[in-house]
Amino acid sequence: MTKRLLEERRGSRTGGGMTVGGTGTFNGVFGNATTIRLLENALSTGEAAHAYIFFGLAGVGKRTVARLFGAALVAGGDAGAEDRARRGLHPDLAEIRPEGAFTTIGQVREILRLAASRPFEGARRVFILEADTLNVQAANALLKTLEEPEGEAVFVLLATSREGVMPTILSRAQAVRFNPVPTAEVEEFLRGRGVEEPALAAALGRGSVGLALRYAEDPGLAELRRAVFRAGSSFGEDFEGRYGAVEEIVARAEALGAAREKEVLASFEEPDRRAKDGAKRAGKAARDGAVREALDLLALMYRDAGAVAAGARELAANVDRLDELGAWVDEHPDADWAGAAQVLGEARAALAYNVSPEAILEVALSRIRRRVLEPFPGSSTSASRAGA
């Protein structure tokens with residue numbers, strides 16, 4: 001194993017995972033029972049595909065299951081080897097993280113060189129990488145091996161959706177779907193862990209056990225949510241007030257990024273330059289993820305307001321803010337809450353074009369202000385103005 005992949009595997013030990021105990025390969029993995037049975041069958045029959053794409057929302061267990069599946073494949077029935085692989089100590093199981101925003105052609109070439117040779121000691125070699133971070137050159141470099149696999153290599157590609165993967169890659173791998181976990185199941189799991197407000201955390205997780213746990217345990221994410229609510233209710237403020245709310249969201253996102261960078265650095269006894277660079281990339285990814293989560297929270301907030309306006313309070317995720325949402329609805333009876341939520345979906349798409357988070361949030365809040373304060377056609381206020 002080359003130094004780079006060894007370091008990447010070492011860094012992967014700090015990544016999250018969602019299991020709830022058990023001793024078998026997948027015992028204790030939470031949710032997606034049908035998917036787990038499919039993978040168990042591949043292991044028991046020895047008929048694993050040479051390439052898989054695990055796709056589904058972030059936090060539903062794709063990466064955890066990929067690591068467990070990969071550990072079983074490289075171990076070939078050796079319990080000791082499987083245990084080492086689970087702990088990131090097996091030379092034939094490698095998890096490759098992107099260098100910045102993308103997995104590069106240099107990284108893929110290194111993987112392909114290793115994939116073409118015999119495993120170091122295991123039954124197979126397994127490479128876990130993020131399919132939706134492959135740049136065009138890297139994806140094209142991977143295609144030939146996926147078309148004509150050599151040796152005993154298995155590729156497990158992770159993606160949030162099939163649409164985010166190049167069709168040529170998608171057609172050469174077995175797609176395995178990971179569905180959101182039902183909220184009631186997440187709540188039960190959180191209650192078993194002693195979480196104080198399991199219903200709220202489960203609802204905010206939106207089908208992701210990992211995200212629900214973060215809401216239950218990460219004070220930084222709670223601070224981000226408070227900043228989001230402040231921004232979300234700023235439609236009655238002037239530009240300076242909205243700008244201050246935007247600055248607070250960005251500051252919370254920066255704090256989460258800094259905390260992640262510090263956490264990654266702490267996993268190395270004596271971090272070298274590569275470790276520090278990796279920690280910086282992890283910090284940036286956490287910051288960018290926090291900005292995306294802020295946009296998602298804003299959209300969720302306005303969808304909840306729409307549910308309250310429709311008399312369906314039981315559908316709201318922000319169960320601790322129902323009185324506040326009800327006050328918004330009473331104050332703005334003609335607001336287009338669905339339109340406000342839609343604005344956030346468009347704003348999230350703008351992140352892919354490297355537009356600054358401040359600019360994206362400022363524009364979004366200005367558009368939302370119009371959706372809330374300026375009644376849409378057919379509203380009671382519009383009708384009263386027409387008759388005036």
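Sequence order as written defines residue numbering, which begins from 1 separately in each chain. In view of the model being predicted, local features appear only for residues whose pLDDT reaches at least 70, and side-chain atom pairs are presented and counted only at 80 or more, with totals across whole chains, interfaces and linings using the full set of residues. As a convention, hydrogens and water are excluded, and side-chain values are obtained from all of the structure's heavy atoms.

Asker: Requested: an account of the packing of aromatic side chains, with residues and values cited.
Answerer: By convention, a stacked pair of Phe, Tyr or Trp rings (six-membered ring in the case of Trp) has centres within 6.5 Å and planes under 30 degrees apart, an edge-to-face pair has planes over 60 apart, and any other such pair is tilted. Applying the stated criterion to the full structure yields 12 aromatic pairs. Here phenylalanine 239 and tyrosine 243 contribute two aromatic rings whose centre-to-centre distance is 6.1 Å and whose plane-to-plane angle is 20 degrees, an arrangement assigned as stacked. Taken together, the positions of phenylalanine 239 and tyrosine 243, both in helix 12 (residues 239–266) and 4 residues apart, correspond to about one turn of that helix. Taken together, the ring pairs in this structure connect Phe229, Phe235, Tyr302, Trp328 and Trp337 into an aromatic cluster. The ring of phenylalanine 229 has arginine 321 lying over it, and the distance from NZ or CZ to the ring centre is 4.2 Å. Per the convention used, a helix needs a DSSP run of H or I reaching at least four residues, while a strand needs a run of E reaching at least two, with both numbered from the N terminus. To sit over a ring, a charge needs its Lys NZ or Arg CZ within 6 Å of the ring centre and within 35 degrees of the ring normal.

Asker: Before we move on, could you go through the pairing of strand 3 (residues 125–130) and cite the residues and values that matter?
Answerer: For the exposure calls, accessible area comes from a 1.4 Å probe over protein chains only, and a residue counts as buried if that area is under 20% of its type's maximum, exposed if over 50%, partly exposed in between. Among the 6 residues that make up strand 3, 6 are buried, leaving the element largely enclosed by the rest of the structure. Of the two faces of strand 3, the one holding Arg125, Phe127 and Leu129 and the one holding Val126, Ile128 and Glu130 are both buried throughout. Any two strands with at least two DSSP-identified bridges between them are counted as paired. Sheet topology places strand 2 (residues 93–96) next to strand 3; 4 bridges connect them, and they run parallel. Note on strand 3: the bridge partner recorded for glutamate 95 is isoleucine 128. Note: strand 3 against strand 4 (residues 153–159), 6 bridges, orientation parallel. Looking across to strand 4, one finds that glutamate 130 is bridged to leucine 158. Assignment of crossover handedness uses the view with strands pointing away from the viewer, where a clockwise path from the first strand over the helix to the second indicates a right-handed crossover. Once you follow strand 3 into helix 6 (residues 136–147) and on to strand 4, the crossover reads as right-handed.

Asker: Now, about the packing of helix 12 against helix 16 (residues 357–373): what can you tell me, with residues and values included?
Answerer: Structural elements are reduced to axes, namely lines fitted to C-alpha atoms, with helices fitted over the stretch in contact, and the angle between N-to-C directions of any two is expressed from 0 to 180 degrees. Running from amino to carboxyl end, helix 12 crosses helix 16 at an angle of 135 degrees, the nearest separation of the two axes being 10 Å. Here helix 12 lies oblique to helix 16, going by the angle between them. Crossing handedness for the pair helix 12 and helix 16: right-handed. Judged by residue contacts, Arg242, Tyr243, Val246, Ile249 and Val250 of helix 12 engage Pro357, Glu358, Leu361, Glu362, Leu365, Ser366 and Arg369 from helix 16. Ten residues, namely Ala, Val, Leu, Ile, Met, Phe, Trp, Tyr, Cys and Pro, are considered nonpolar, four, namely Asp, Glu, Lys and Arg, are considered charged, and the remaining ones, Gly among them, are considered polar. Residues belonging to the contact of helix 12 with helix 16 are distributed by class as follows: 7 nonpolar, 1 polar and 4 charged. Just so you know how the angles are binned, under 35 degrees is roughly parallel, over 145 roughly antiparallel, 65 to 115 roughly perpendicular, and the rest oblique. A crossing counts as left-handed when the near helix is turned anticlockwise from the far one by less than a right angle, and as right-handed when that turn is clockwise. Should any heavy atoms of two residues lie within 4.5 Å, those residues are counted as being in contact.

Asker: Outline the nonpolar core, listing residues and values.
Answerer: Definition of nonpolar core: a set of buried residues of the types Ala, Val, Leu, Ile, Met, Phe, Trp, Tyr and Cys, connected through side-chain atoms within 4.5 Å. Ranked by internal contacts, the top residues of the largest apolar core, which has 61 residues, are Leu190, Tyr302 and Trp337. Per element, the largest residue contribution to this core is 12 residues, and it comes from helix 13 (residues 273–309). Ile53, Ile111, Phe127 and Val165 belong to the second-largest nonpolar core, a separate cluster that totals 27 residues.

Asker: Now, about the environment of glycine 306: what can you tell me, with residues and values included?
Answerer: As for its placement among the helices and strands, glycine 306 is situated in helix 13. Considered as a pair, glycine 306 and valine 329 are 23 residues apart in the sequence and their alpha carbons are 8.1 Å apart.

Asker: I'd like to hear about the packing of helix 2 (residues 33–45) against helix 3 (residues 62–75), residue by residue, with values.
Answerer: The contact between helix 2 and helix 3 brings their axes to 11 Å, and the two run at 10 degrees. Classified by the angle between their axes, helix 2 and helix 3 sit roughly parallel to one another. For the pair formed by helix 2 and helix 3, the contact residues are Ile36, Leu39, Ala42 and Leu43 on the first element and Val65, Phe69, Ala72 and Leu73 on the second. Taken together, the residues of the contact of helix 2 with helix 3 sort by class into 8 nonpolar, no polar and no charged.

Asker: So what's going on with unusual backbone geometry? Residues and values would help.
Answerer: Residue arginine 206 is not a glycine yet carries a positive backbone phi of 55 degrees. With respect to the helices and strands, arginine 206 occurs in the loop between helix 9 (198–205) and helix 10 (209–217). Accessibility expressed as a relative area gives 25% for arginine 206, which makes it partly exposed.

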